[in-house]
Amino acid sequence: MPQSRSSSLSSSNPANAPQVRHLKALGDDTWKNKVEKVNAEFFHLTYGTIVAQLCEEYAGDYARVNGELFQIGYNLGVRLIEDFLARTALPRCDTFLKTSEVVSKCAFKIFLNLTPEVAHWNAARDSFDLVFGENPLAEHVELPPGASGQLWFSNVLCGVLRGALEMVQLDCDVEFVSDTLRGDMSTDIRVKLNKVLRDEIPAGED
Amino acid sequence: MPEYFAIVGPGDRPLYESELGRGAWTPEQRELNPFVLHSSLDVIEDLQWQLLPENSDTVSNTGGGEFGGAAQSGAAQGGGGGFLRSHRAKTETDNCYLGRVDHFYGLAVSAYTTYSGLKLLMVHGSGIVDDANCRSFYQEVHELYVKTLMNPFYSAGGSANGSGSGTIGPAPITSRAFDSRVKAIARRHLR
Amino acid sequence: MSQASVPGVANDGTGAVSQQRQYELEQEAMPKLNRTVFQMVLNEIIPMAYAVEVSKTVQKDETGEVAMGSLSLESTVPGDDNTAARRMRSSVMAVYNLAKLAEEDEDKYNSVLKRIESLGTSIGSKISDMLIFAKNPSISFKNMDLLSVMKFICRDVWKHVFGKQIDNLKTNHRGTFYLIDLDYAPIQDFTVEPSVLEEQLSEEDLQIYELKLVEPFLQFPVGIIKGVLHSLGHPLDKVVCLATYADKPKEKSKVGGFPKGINFHVQITNN
């Protein structure tokens, strides 16, 4: 199970290469053939307008804006996971490492047509970062002066991951640790596994 | 020669201005430039609503034959007539560039308008408007403006969150990135 | 009242066709993402607008100005950011609570609707510039008359934002338009879950209740329409736009879809 202490999971992880390739092919194929598409700029415009309106409503209380964006994401995540499982028919991940690859190669690919890099595993192997080059939702965005350093513009993504992973019994903390909008080199989301919610698996499943 | 460039929104609200091109304006001229531009706005307004001959008889519509003419344009803002289109326009989609619209003691004024009521204008110190370069310059700045719209923290107006009447147009463009990009475009197209 | 069809691509000559093809190729090359995600985010605007109302009321409540009233987000602990972020507020419950709010506090309900509409307006007033700049050769405003602007909304704006065109456009030639969308996309999957209701409703009452629940979702496209008109020279205070339910023709009602079409009544005054 996700505590991934298995010896086959070395850091370079060659044993998993075919599996990763398979996941990538699955993500690419689903994106290409089974998804109705829309111009990304309309999505970016819509999401950005939501963020801007929240900033205005909460008069620069960016902690609350971050919380609201997270909540929107959470609401999306708990439902997107159903869509995801229906499309991919993927079985339960047996390691957290596999979870990370599914998130990056399949989920992000199918929904946002992005493939963030999985990096920065900790020693306990229960925490990794999803690394994006640029902030994926913030093309053309210029933060207002007060927001820099406080607002996590794309915090909705953390909420989505938190909600979706929770629905597959993985209780995780998900948060941004860096953002190119703030002048960082890359945009990183940290996913940290707290525990596996075994008890909440409904009877009759698994 | 120097150029003075400005973007004016609906209701003649200035959104952006900068000095481009080579050389500097004399202090007197620098003060005069906004007035020169402003006086050209009326000329553009006239040009804008001038009906193009080939447009007058080709209102596309199926069913409801009485469309197009008086009944509709009466309801449109501005009243009687068509919406611009320079005689220099080559195609339907290249119709925003108006070319030289006005002159003032050796200065020339060129202009470009958009459907959303934005006016882009330039005072040319040389008194000469190079259409090819000018058109490219305006089109690229227009494209830059459309990208600016993608910035959610830039308001194109119409947001009526309780504050204000909600009828105000686009906000002034204060982004430094916008400014430096306009200057880069100018370096490429204006001499 | 005459009908104006919403035509697709005008194939008037080979030049126009290749220009159209060029445009389509450019559109295909643009970055894409999953429409499901886009639509879900659009729908999430409604619970968000409600949550902001609750949040503001709670804030005022703490300073002793306003009573909490009927607003609730189910066992939330305001103030503590971490708790707020983690609270298990379901967007579905927000929609039900919003319908309750409509009966109990009209001012607050209208404030939520206004918030939804203003988001639509902001987006609409930007989207027209983006679409026009994309140089779609079939976009033409000819004399900049209202009808061609309306056609632009019905065809281009609707197609890009909601994935389909408006089904029917009607006008009286005097500034009144009816835009009818028989299957307004974002609400197609909506149904009431009788299990969450406190009391048992008859089939008929259930449908009335369902329509009430969906009402706030229609404020977003209303905002879009007003925003587009605003950006093309028709100020917000000169435009009235109302969304009402329209009956579907029998042959059009799909199994499982939302039972009603939407009629957007747009009225534009001159001065």
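Described below are features of the structure shown in this document. All figures in this text were calculated on a predicted structure; none of them were measured in a lab.

### Side note on the overall build of chain B
Phase 1: Across its full length, chain B carries 4 helices and 5 strands.
Phase 2: Along the chain direction, N to C, the helices and strands of chain B fall in the order β-β-α-α-β-β-β-α-α.
Phase 3: Taking all 191 residues of chain B together, 49% fall into the buried category.
Phase 4: Put simply, of all contacts in chain B between residues at least 6 apart along the chain, 59% involve residues at least 24 apart.
Phase 5: Accessible surface computed for chain B: about 8,800 Å², of which carbon and sulfur atoms make up 53%.

### Overview of the interface of chain B and chain A
Phase 1: Each side of the interface is counted separately: chain B has 10 residues, and chain A has 18 residues.
Phase 2: When chain B packs against chain A, close to 1,100 Å² is buried across both sides, 63% of that on carbon and sulfur atoms.
Phase 3: Counting every contact that joins chain B to chain A gives 0 salt bridges.
Phase 4: Viewed at the interface, chain A and chain B are joined by 2 residue pairs in polar contact (both at pLDDT 80 or more).
Phase 5: Here the residues of the side of chain B that touches chain A are counted per class, giving 5 nonpolar, 4 polar and 1 charged.

### Structural notes on the pattern of salt bridges
Should the charged atoms of two oppositely charged side chains come close, the side chains can pair.
Phase 1: Counted by the stated rule, this structure contains 30 salt bridges over all chains.
Phase 2: The residue B:Lys183 makes a salt bridge to B:Asp179 at a minimum N-O spacing of 3.1 Å. Within this pair, B:Lys183 and its partner B:Asp179 are both found in helix α4 (residues 176–189), separated by 4 residues, close to a single helical turn.
Phase 3: When salt bridges that share partners are traced, they join A:Glu57, C:Glu53, C:Lys56 and C:Arg115 into one network.

### Describing the sheet that holds strand β1 (residues 2–8) of chain B
Residues and elements named next belong to chain B.
Phase 1: Reading across from one edge, β2-β1-β5-β4-β3 is the order of the 5 strands in this open sheet, with antiparallel pairing throughout. With partners counted over all chains shown, the strands left at the sheet margins are β2 (14–21) and β3 (97–104), one partner each. Strand after strand, the sheet turns through a mean of 20° between neighbouring axes, direction not considered.
Phase 2: Two elements, β1 and β2, share 7 bridges in a ladder whose sense is antiparallel. Looking at β2, one finds that isoleucine 7 is bridged to tyrosine 16.

### Quick word on the packing of aromatic side chains
Phase 1: Counted under the stated rule, the structure contains 25 aromatic pairs over all chains.
Phase 2: Judged by centre distance (6.4 Å) and plane angle (75°), the rings of C:Tyr184 and C:Phe264 are edge-to-face. Of this pair, C:Tyr184 sits in the loop between β4 (176–181) and α7 (203–214) while C:Phe264 sits in strand β6 (residues 261–268), placing them 80 residues apart in sequence. We note that C:Tyr184, like C:Phe264, is buried.
Phase 3: By the ring-pair criterion, three or more aromatic residues cluster together here, those being B:Phe5, B:Tyr16, B:Tyr97, B:Tyr112, B:Phe137, B:Tyr138 and B:Phe178.

### A look at helix α4 (residues 91–104) of chain C
Side chains that are three or four residues apart share a direction in an α-helix, a result of its 3.6 residues per turn.
Phase 1: The terminal C-alpha atoms of α4(C), which comprises 14 residues, lie 20 Å apart, in line with the 20 Å expected from a rise of 1.5 Å per residue.
Phase 2: Considered for burial, the residues of α4(C) that qualify are C:Ser91, C:Ala94, C:Val95, C:Tyr96, C:Asn97, C:Leu98, C:Ala99, C:Leu101 and C:Ala102.

### So, the state of the cysteines
Phase 1: Counted under the stated rule, the structure contains 0 disulfides over all chains.
Phase 2: In this structure A:Cys158 is a free cysteine whose sulfur lies 12 Å from that of A:Cys172, the closest cysteine sulfur available.
Phase 3: According to the relative accessible area criterion, A:Cys158 is buried, its value standing at 0%.
Phase 4: C:Cys241 provides the cysteine sulfur closest to C:Cys154, a residue in no disulfide bond, and the two sulfurs are 11 Å apart.
Phase 5: We classify C:Cys154 as buried; its relative accessible area is 0%.

### What about the interface of chain A and chain C?
Phase 1: In this complex, chain A contributes 40 residues to the contact, which on the side of chain C involves 40 residues.
Phase 2: Carbon and sulfur atoms supply 62% of the area that chain A and chain C bury against each other, a total of about 3,900 Å² over both sides.
Phase 3: Inspection of the chain A/chain C interface yields 4 salt bridges.
Phase 4: In this structure, A:Glu57 and C:Arg115 form a salt bridge, with 2.6 Å as the shortest nitrogen-oxygen distance.
Phase 5: At the surface where chain A touches chain C, the tally comes to 16 residue pairs in polar contact (both at pLDDT 80 or more).

### Notes on the pairing of β1(B)
All names here are of chain B.
Phase 1: With 7 of 7 residues buried, β1 lies mostly within the body of the structure.
Phase 2: Residues of β1 alternate between two faces, with Pro2, Tyr4, Ala6 and Val8 on one and Glu3, Phe5 and Ile7 on the opposite face, all of them buried.
Phase 3: Counting the residues that bridge the hairpin from β1 to β2 gives 5 residues, and of these glycine 11 lies at a positive phi of roughly 75°.

### Notes on the nonpolar core
Phase 1: Among the nonpolar cores identified, the biggest contains 137 residues, and A:Leu130, A:Leu151, A:Ile189, A:Val191, C:Leu179, C:Leu229 and C:Val266 are the most heavily contacted of them.
Phase 2: No other element matches the 13 residues that helix α2 (residues 35–62) of chain C contributes to this core.
Phase 3: Excluding residues that lie within four positions of it along the chain, C:Leu229 makes contacts with C:Leu146, C:Val149, C:Met150, C:Ile153, C:His234, C:Val239, C:Val266 and C:Ile268.
Phase 4: Counting 28 residues, the second-largest nonpolar core is a separate cluster that includes B:Val129, B:Cys134, B:Leu144 and B:Ile173.

### Considerations on unusual backbone geometry
All names here are of chain A.
Phase 1: Unlike most non-glycine residues, asparagine 113 shows phi in positive territory, near 60°.
Phase 2: Looking at the secondary structure, you find asparagine 113 in the loop between α4 (96–112) and β2 (117–119).
Phase 3: Judged by relative accessible area, asparagine 113 falls into the partly exposed class, the value being 27%.
Phase 4: The phi angle at glutamine 169 is positive, at roughly 70°, despite the residue not being glycine.
Phase 5: Relative to the helices and strands, glutamine 169 is located in the loop between α5 (156–167) and β4 (170–178).
Phase 6: Taking the relative accessible area as the measure of exposure, glutamine 169 reaches 11% and is therefore buried.

What counts, and at which threshold
Residues numbered from 1 in each chain as written. Chains lettered and ligands numbered in written order. Predicted model: local features only at pLDDT ≥ 70, side-chain atom pairs only at ≥ 80, totals over all residues. Heavy atoms only, no water. Helix = DSSP H or I, 4+ residues; strand = E, 2+ residues; numbered from the N terminus. Buried < 20%, exposed > 50% of the residue type's maximum accessible area, 1.4 Å probe, protein only. Contact = heavy atoms within 4.5 Å. Areas by Shrake-Rupley, 256 points an atom, 1.4 Å probe, with all protein chains shown as cover. Buried area = accessible area lost by both parts, 1.4 Å probe. Salt bridge = Lys/Arg side-chain N within 4 Å of Asp/Glu carboxyl O. Polar contact = N/O pair within 3.5 Å; in protein donor to acceptor, adjacent residues only side chain to side chain. Nonpolar A, V, L, I, M, F, W, Y, C, P; charged D, E, K, R; others polar. Pairing = 2+ DSSP bridges. Axes fitted to C-alpha atoms, helices over the stretch in contact; angles between N-to-C directions. Phe/Tyr/Trp six-rings, centres within 6.5 Å; stacked < 30°, edge-to-face > 60°. Expected span 1.5 Å × (residues − 1). Disulfide = S-S within 2.5 Å. Core = buried A, V, L, I, M, F, W, Y, C linked by side-chain atoms within 4.5 Å.

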